[in-house]
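The primary structure of each chain is shown beneath.
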Amino acid sequence: MLNLTHKSDAVITELITNSLELAMAMRNYKKGEGIEMQCVMKGSKDVEIFSWEESMKMYERISFCHQSPGVYDFNIFHLFLIREALGFYCCFKNQELRPIIKGTKIIEIDFKRLNDYFFPKVTACTCCLRKEGIPFAEILDCKLLQKHEYAFSENDTPLFNTKSTIYPDEEPL
């Protein structure tokens, strides 16, 4: 499980799982093209954050921790990659106009609300911190947390209900 700012409900958990799987499935398609993860700041040049191989290693590590029963803390680079994968996946799924998550009526993901709720610390230029010379092995590291270290409350309520067609729903209960 990921240590997000709010406790993961069934929908965000599945969205993250599916988006990570899609990102990792794309590795064979993109690897030969030498594409790098980049941060584009208005009025400046592209800044390389991670090589394709580095980002795939991070996605694999994030996916492993996400599917583990413990709660793992992630650094800002992990959150950036999760958010980027989610953004791509949500954009893709929002075009289908059919339930995104089996067993729900959700046909739209409000990525802005989702981002503001689960990833408030991640900004578009967070990735530029990589230029500070932090070793990749340190960036890759994830920490298994104790219960008192969780960022979320155990009492967080789900952001959807059986009638929700958008996620996160503004009035889930």
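Note: the structure precedes this text.
Owing to the predicted nature of the structure, the values given are computational and were not obtained by experimental measurement.

### Concerning the overall build of the chain
- From N to C terminus, the chain includes six helices and six strands.
- Taken from the N to the C terminus, the helices and strands of the chain come in the order α-α-β-β-α-β-α-β-α-α-β-β.
- Counting only residues that meet the buried cut, the chain has 43% of its 173 residues in that class.
- When contacts within the chain are restricted to residue pairs at least 6 apart in sequence, those whose partners lie at least 24 apart make up 74%.
- Accessible area for the chain stands at about 9800 Å²; split by element, carbon and sulfur atoms hold 54% of it.

### Here's the deal with helix α3 (residues 52-67)
- Compared with an ideal rise of 1.5 Å per residue, which puts 16 residues at 22 Å, α3 spans 23 Å between its outermost C-alpha atoms and is within 8% of the ideal.
- When we look at burial in α3, the residues that qualify are Trp 52, Glu 54, Ser 55, Met 56, Met 58, Tyr 59, Ile 62, Ser 63, Cys 65 and His 66.

### Some words on the pattern of salt bridges
- A full pass over the atoms with the stated rule returns four salt bridges.
- Between Glu 96 and Lys 93 there is a salt bridge, and its shortest N-O distance comes to 3.4 Å.
- The salt bridge partner of Lys 112 is Asp 116, with a shortest N-O separation of 2.8 Å. In this pair, Lys 112 and Asp 116 both sit in helix α5 (residues 111-118), four residues apart, roughly one turn of the helix.
- Through salt bridges that share partners, Lys 93, Glu 96 and Arg 98 make up one connected network.

Each value, and the rule that gives it
- Residues numbered from 1 in each chain as written.
- Predicted model: local features only at pLDDT ≥ 70, side-chain atom pairs only at ≥ 80, totals over all residues.
- Heavy atoms only, no water.
- Helix = DSSP H or I, 4+ residues; strand = E, 2+ residues; numbered from the N terminus.
- Buried < 20%, exposed > 50% of the residue type's maximum accessible area, 1.4 Å probe, protein only.
- Contact = heavy atoms within 4.5 Å.
- Areas by Shrake-Rupley, 256 points an atom, 1.4 Å probe, with all protein chains shown as cover.
- Expected span 1.5 Å × (residues − 1).
- Salt bridge = Lys/Arg side-chain N within 4 Å of Asp/Glu carboxyl O.

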